[in-house]
Amino acid sequence: MRLATIIFGGEGSNLFELRRPDGGVVPPFTAGAHVDLHLADGLVRQYSIANAPAERDRYLLGIKREAQGRGGSRFVHDTVKVGAILKVGLPRNNFPLVEAAASSVFVAGGIGITPIRSMVHRAQAIGQDWRLHYAVRRRPEAVFAAELLSLGDRVHLHVDDENDGRLLDLPAVVAAAPAGAHLYCCGPAPMMATFKAAAAGAVPAERTHLEYFTSDTAPAVQGGFVVALARSGRRIVVPPGTSILEVLRAAGLRVQAACEQGVCGTCETQVLEGTPDHRDMILSDDEKAGGRSMMICCSGSRSEVLVLDL
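Residues numbered from 1 in each chain as written. Predicted model: local features only at pLDDT ≥ 70, side-chain atom pairs only at ≥ 80, totals over all residues. Heavy atoms only, no water.

The protein chain is annotated in an unreviewed UniProt entry as Oxidoreductase from Vineibacter terrae.

Right, here's the structure in full:
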């Protein structure tokens, strides 16, 4: 795809508009989806799509320049220029909007507004009841603020600096949610942890939806087990201090992975036998208990042998 425009989004954040070079329609996506951007030297990063699913001529990505990040956002901000051709993965969605729900409550922090904006547009389009709580430290950081505030009193913009430094009261947001509402949260790790704690016990797990930018769980690198590859019959020892993904790559296998933190789902692999030690941020508690798949970039094994569909 071609980087068609770069738009100032907010302090430290830009909006990157990707279009097909031939002017055609982009592959369809659903609200909450993300794409992989393939950058230089094998660098792959995931960014949420901010525009409405009905817009089939572009992907609009909101990217904050993270000076202390892993390098992807710095590369996009500092190196990629308008007109550049980028390899873009097909849209995937680990954070879908439940369109059949009677109402939705969206909570966004900082650049976490990116997938939430797409959800707001979709909820509007299908006539779903919704409300948005958007928190930023300083007003200049608020991406899409003018547009969202124009939607009326269903949008609450919380600015820490304009509230004596107080953070958005997430327990109050959860408590005020309409009965039966689905709740969605995307933002920095501390916000996610507070929201998750507030929702626990108050909102059923099936109505709580989280989208993480980074993992808050340490990867499983204890090693000391064997990975058996069902398709090839190979058995590979995973030593301490190493992930399954690293061992498989060292053995010459081409295994797809992107975030390497368990937040994107690219490396999800079917488990045929054994008990995974799940460390990802995607699978539900029920899915983890079922043990039918795992993210091999960050998860390990609780059994001596783990048989994978590879």
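Here the narrative resumes, following the displayed structure.
## Regarding unusual backbone geometry
To keep it simple, the criterion reads: Strands are runs of DSSP state E lasting at least 2 residues, helices are runs of H or I lasting at least 4, and numbering of each runs from the N terminus.
In the Ramachandran plot, Asp164 falls in the positive-phi region, its phi being about 55° despite a non-glycine side chain. Residue placement: Asp164 occurs in the loop between β9 (155–159) and α4 (170–175). A positive phi angle, near 60°, is found at Glu260, a position not held by glycine. Examined against the element boundaries, Glu260 turns out to sit in the loop between α6 (244–250) and β14 (268–273).

## A few points about the environment of Asn93
Cut-off, in case you're wondering: In what follows, residue pairs with any heavy atoms lying within 4.5 Å of each other are defined as contacts. Side-chain atoms alone can form a polar contact between residues adjacent in sequence; in general such a contact is a pair of N or O atoms within 3.5 Å, and within protein one must be able to donate a hydrogen while the other accepts it.
Relative to the helices and strands, Asn93 is located in the loop between β6 (87–88) and β7 (103–109). Taking the C-alpha atoms as reference points, Asn93 and Glu211, 118 residues apart in sequence, are found 10.0 Å from one another. When neighbours within four sequence positions are excluded, Asn93 is seen to be in contact with Thr30, Ala31, Gly32 and Ala33. Reaching out from Asn93, the side chain makes a polar contact with the side chain of Thr30 at a distance of 2.8 Å. Reaching out from Asn93, the side chain makes a polar contact with the backbone oxygen of Ala31 at a distance of 2.9 Å.

## A word on the packing of aromatic side chains
Pairs of aromatic rings are described using the distance from one ring centre to the other and the angle between the two planes. The following threshold applies: Each aromatic pair joins two rings of Phe, Tyr and Trp (for Trp, the six-membered one) with centres within 6.5 Å, and gets the label stacked for planes under 30 degrees apart, edge-to-face for over 60, and tilted for any other angle. Throughout, exposure labels follow a simple rule: accessible area from a 1.4 Å probe, protein chains only, divided by the maximum for the residue type, with under 20% read as buried, over 50% as exposed, and the rest as partly exposed. Both a distance and an angle decide whether a charge sits over a ring: NZ of Lys or CZ of Arg must be within 6 Å of the ring centre and within 35 degrees of the ring normal.
As enumerated under the stated definition, the model contains 3 aromatic pairs in all. On the basis of an interplanar angle of 80° and a centroid distance of 6.0 Å, the ring pair of Phe95 and Tyr184 is categorised as edge-to-face. Placement of Phe95 in the loop between β6 and β7 and of Tyr184 in strand β10 (residues 182–186) is noted, with a sequence separation of 89 residues between them. For Phe95, a relative accessible area of 1% translates into the label buried. Judged by relative accessible area, which is 0%, Tyr184 ranks as buried. Where Phe106 meets Tyr184, the ring centres are 5.3 Å apart and the plane angle is 40°; that geometry is what we call tilted. Taken as a pair, Phe106 in strand β7 and Tyr184 in strand β10 lie far apart in primary sequence, 78 residues in all. Take Phe106 and Tyr184: they sit in the same class, and that class is buried. A connected cluster of aromatic rings, assembled from ring pairs, spans Phe95, Phe106 and Tyr184. Residue placement shows Arg117 over the ring face of Phe144; its charged tip is 4.4 Å from the ring centre.

## Here we look at the sheet that holds strand β16 (residues 293–295)
Stated precisely, the cut-off is as follows: For two strands to count as paired, DSSP must find a minimum of two bridges between them. Here, axes are lines fitted to C-alpha atoms. For helices the fit covers the stretch in contact, and angles between N-to-C directions go from 0 to 180 degrees.
Pairing is mixed across the open sheet formed by 5 strands, whose spatial order is β13-β12-β18-β14-β16. The two strands at the open ends of the sheet, each matched to only one other strand, are β13 (235–238) and β16. Taken pair by pair, the neighbouring strands of this sheet meet at an average axis angle of 40°, ignoring direction. Judged from the 4 bridges that link them, strand β12 (residues 225–229) and β13 form a sheet pairing that is antiparallel. Within the sheet, the bridge partner assigned to Val226 lies in β13 and is Val237.

## Comments concerning the pattern of salt bridges
The condition that has to hold: Between Lys or Arg on one side and Asp or Glu on the other, a salt bridge is scored when a side-chain nitrogen of the former is within 4 Å of a carboxyl oxygen of the latter.
One pass over the full model with this rule turns up 17 salt bridges. We note a salt bridge from Arg58 to Glu55, for which the minimum N-O separation is 2.9 Å. Across the pair Asp164 and Arg166 runs a salt bridge whose closest N-O atoms are separated by 3.6 Å.

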